[in-house]
Every structure is written in C-alpha cells, then in structure tokens.
Amino acid sequence: MAMILVTGPNGNVGTELVRMLIADGTLPFRIAANTPAKIEALYGPEAPKVRFSFADRTTWDAALAGVKTLFLLFPLPHPGTARSWMLPFVEAAAAAGVQHIIYLSVPTAGETKLVPHYTVERAIEASGVDYTFLRAAFFSQNLCRDITTHAVDIARSDEIIVPAGKGGTSFVDSRDVAEVAVKVMRDPAAHAGQAYVLTGPEVLDYHQVAAIFTEVLERPIRYREPSIFRFWRTVGPRVTWDTMLFMTGVYIITRRGKNADMTQTLPELLGRSPRTVRDFVRDYRERFTGEAAMKAVKVQTPGIKMG
C-alpha cells in the first residue's frame, strides 16, 4: 500500500491520527517529527518517524521519499509562514511524487483571503496533486491542550477564561476529524477534490460549556465572559505571542457570532453521530482535575524562536 506521511503529529488531529494508525497497523505511514525523541517517548522507539521541520528544507527530501499520501497541517497559520514554509513544501511534495494531499484547514478558507489557509488551499489546487480539504471547526480539545493552557484555569480556579462573550461555537472533536482522515487515506480517490466542512452536532456558548463541565466534573465551573484584557493578563504569560494572537483572533470571531455554523457532513462521513462536548469532558476529565492539571507548560512553536 502507498506510504503516508503525517505532519503535525503533536497537534489536535495529528495526535489522534498517529494513535489510530498505530492501533490499526494496516496502513504504512511515517511520522514527520520536529522532535523525534518526543515521538519515541510517546509511542516507543519502533514508531515510524523521520526528523522534519518546515523551517529546515534539508529535512524535506527524506520525509517525502516514497510518500503517496500526505496529511498536511499548518503549524503556524499566518501569512508569512504560508508563503515561506507551506507553499514551497506543497511544491516539494508535488515534485516528490505525492499523489494526494489531505489538508487540515478551517471553515472559512474557501472564500476568506485574509485567512492564511486560503493561500495554502489555492496552492494545493494549483499543484496538480489530488486533494481533500478537512475544514474543521473549533476543536473541543483546544480546551485542554498545553499550547492554550485553558485547562490550567479550569483546574486552578474552576473557571473558563476565554474572551468569547455570548458567542456560540460548533465544537468538533479532533478524534472524529482524525477518523475522517483515516477514511480518506484508505480510499483517496473517493474523496479527491472534496472540501469537507466538519463541525460537531451542536452549537454551544461558553455558559453552556461551563454547565457541562460542572455536571461532568461534579464541581462548579464558571464562565464570566472575561474581557480580552483579562484574557491577555491571565493567559498571556503562559503562552507564546503567536499563540496569543491566534487565540485572540479566534475568540473575537466567536464573540461576533461567526464561529457557529453547522453542517451535517461529519455524521455522513462517519456513519454515526459525532462526539459531543459532554463526551469530550467525560473522556478528558483528568486533564481538568488535580495538581498535575494545574501546571502550565509553555509550548514553543516548532521552528520559531519565541519568548
């Protein structure tokens, strides 16, 4: 079977995708690892990996060698890296003989030129390589990732601190999106040229999300509609500046009611109902409770030196 390369193996979808591919054992794949030692620590020394960085072109040839299907994730979504990293890498993938690119994108990438994913999608379309765009909504897992540190506030102060106001979000579970990616990998031709907008089964504001946390964790979790200033003051010291700017943009969009559109595409592709936010909180409850959950880890952006 054709070799698969997975970029972004530590991201929301990449993490789940690697787990699924390892558990499945039938699809040949290679993990593009910025830090191979981290991959070994997670999955063992036998995990199929290759050292790779978008910022280091000397790593590209070995990563792409023999690859026919590429799972492509944008590690730092702003216009500068779209043009300096992603567009050249798409060209390199096409030149290396990649036949299908599965690109993890965002719902507005089809028409909003200000979104860096727009630029990458158009480059993929122009490359001549078959593609499938997975335009995923806001991930439930963003509430417990080390890079956002939102779980730290829930664990320390029983509070969700995001400046989203009363805006709703069509939360999607990254495990479901990873499952769709595997489905595409098994039969790329059946999904060629498709742009799937993937959302969860419900639209919730953060008051409703806090109520779900309260019920599942069995302790009061509050959402007080914090200001952007309080968000910066509380979360800012724990994250890098690029992460802070990106999160701020996402939550401003949410405040304005632009992050809530739903589709039925995900249940159609899965053949079942997608996971809910309640499912997510139940399955990840240990990330929000106890001393370990209270510790913040400042995650650096791969390939970029941040303060």
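Structure: above.
Residues numbered from 1 in each chain as written. Predicted model: local features only at pLDDT ≥ 70, side-chain atom pairs only at ≥ 80, totals over all residues. Heavy atoms only, no water.

A. How the structure looks around the nonpolar core. Membership of the largest hydrophobic core comes to 33 residues, with the highest contact counts inside it found for Leu17, Phe71, Leu104, Leu134 and Val177. Elements with a minimum of two residues in this core: strand 1 (3–6), helix 1 (12–24), strand 2 (29–33), strand 5 (100–105), strand 6 (130–136), helix 7 (174–186), strand 8 (194–198) and helix 11 (265–270). Looking at which element gives the most residues to this core, the answer is helix 7, with 7 residues. Beyond its immediate stretch of four places on either side in the chain, Leu104 contacts Val13, Phe71, Leu72, Leu73, His117, Leu134, Ala136, Phe139 and Val177. Core analysis: the second largest hydrophobic core is formed by 32 residues, Ile160, Tyr206, Phe213 and Val239 among them. (Core = buried A, V, L, I, M, F, W, Y, C linked by side-chain atoms within 4.5 Å. Buried < 20%, exposed > 50% of the residue type's maximum accessible area, 1.4 Å probe, protein only. Helix = DSSP H or I, 4+ residues; strand = E, 2+ residues; numbered from the N terminus. Contact = heavy atoms within 4.5 Å.)

B. Expanded view of the sheet that holds strand 4 (residues 67–72). Overall, parallel pairing links the 7 strands, which are arranged 3-2-1-4-5-6-8 in an open sheet. Two strands bound the open sheet, and with one partner strand each, they are strand 3 (49–51) and strand 8. Put simply, the sheet's adjacent strands are angled 20° from each other on average, direction ignored. Taken strand by strand, helix 4 (residues 79–96) contacts strand 4 and strand 5, and its axis lies near 160° from that of strand 4. (Pairing = 2+ DSSP bridges. Axes fitted to C-alpha atoms, helices over the stretch in contact; angles between N-to-C directions.)

C. Quick peek at the packing of helix 9 (residues 228–235) against helix 10 (residues 241–255). One can describe the packing of helix 9 onto helix 10 by two numbers: an axis separation of 12 Å at closest approach and a directional angle of 150°. In terms of orientation, helix 9 lies roughly antiparallel with respect to helix 10. Considering only the axes of helix 9 and helix 10, their crossing is right-handed. Where helix 9 abuts helix 10, its residues Ile228, Phe231, Trp232 and Val235 lie against Met244, Met247, Thr248, Tyr251 and Ile252. Among the residues forming the contact of helix 9 with helix 10, the class breakdown is 8 nonpolar, 1 polar and no charged. (Parallel < 35°, antiparallel > 145°, perpendicular 65-115°, else oblique. Left-handed = near helix turned anticlockwise from the far one by under 90°. Nonpolar A, V, L, I, M, F, W, Y, C, P; charged D, E, K, R; others polar.)

D. Fine view of the side chain of His100. In this structure, His100 sits in strand 5. Apart from residues no more than four positions distant in its own chain, His100 is found in contact with Lys68, Thr69, Leu70, Val129, Asp130, Tyr131, Thr132, Val184, Pro188, His191 and Ala192.

Keep in mind that these numbers describe shape and distance, not what the molecule does.
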